[in-house]
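What the coordinates show
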Amino acid sequence: MLINQVFKEAIPGLRRGFLTAWQRRIDQINGNFDDWYENLLVQLTRDHAWSRAQWLWHVRTNPILFEAGRSAMDRDAAVIGRVLLSPFCSLLQ
């Protein structure tokens, strides 16, 4: 997908703009590993969100299923956000 390519090209430079000095040093040591795993995470999360959105579209007339799916998407996003903001991910960035 074209959007995955755009993200793959743009994210490393954007991410590096927010790094502290010690994080930039770790980034240099990691080489392209962090760029690789961040690109993979973007692709996986986008694919998951798209699949979930398609499922929600199919159940849009069933309020119970729709709300359950919407709540699951909300929980997924919260978990991903907590992981990305965790000390472990901070070290990798």
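Here, every reference points to the structure presented above.
So, here is what we can say about the structure in this document. (Residues numbered from 1 in each chain as written. Predicted model: local features only at pLDDT ≥ 70, side-chain atom pairs only at ≥ 80, totals over all residues. Heavy atoms only, no water.)

So, on to the packing of helix H1 (residues 2-16) against helix H3 (residues 33-58). Two numbers describe how H1 lies on H3: the axes approach to 10 Å, and their chain directions differ by 135 degrees. The orientation of H1 relative to H3 falls into the category oblique. Here H1 runs over H3; the crossing is right-handed. Facing H1, whose interface residues are Ile 3, Asn 4, Phe 7, Lys 8, Ile 11, Pro 12, Arg 15 and Arg 16, H3 presents Asp 34, Asp 35, Glu 38, Asn 39, Val 42, Gln 43 and Arg 46. (Axes fitted to C-alpha atoms, helices over the stretch in contact; angles between N-to-C directions. Helix = DSSP H or I, 4+ residues; strand = E, 2+ residues; numbered from the N terminus. Parallel < 35°, antiparallel > 145°, perpendicular 65-115°, else oblique. Left-handed = near helix turned anticlockwise from the far one by under 90°. Contact = heavy atoms within 4.5 Å.)

Under the counting rule described, the total for this entry stands at 0 aromatic pairs. Across the ring face of Trp 57, the terminal group of Arg 60 is positioned such that the distance to the ring centre comes to 3.8 Å. (Phe/Tyr/Trp six-rings, centres within 6.5 Å; stacked < 30°, edge-to-face > 60°. Lys NZ or Arg CZ within 6 Å of the ring centre and 35° of its normal.)

Two quantities define a packed helix pair, namely the angle between the axes and the distance from one axis to the other. Relative orientation of the contacting elements H3 and helix H4 (residues 63-84) amounts to 170 degrees, with a least axis distance of 10 Å. On the basis of their axis angle, the class for H3 and H4 is roughly antiparallel. In this structure, H3 uses Leu 41, Thr 45, His 48, Ala 49, Arg 52, Trp 55 and Leu 56 to contact H4, whose residues at the interface are Leu 65, Phe 66, Gly 69, Arg 70, Ala 72, Met 73, Asp 76, Ile 80 and Leu 84. Its residues assigned to classes, the contact of H3 with H4 shows 10 nonpolar, 3 polar and 3 charged. (Nonpolar A, V, L, I, M, F, W, Y, C, P; charged D, E, K, R; others polar.)

Honestly, it's all geometry; don't read function into it.
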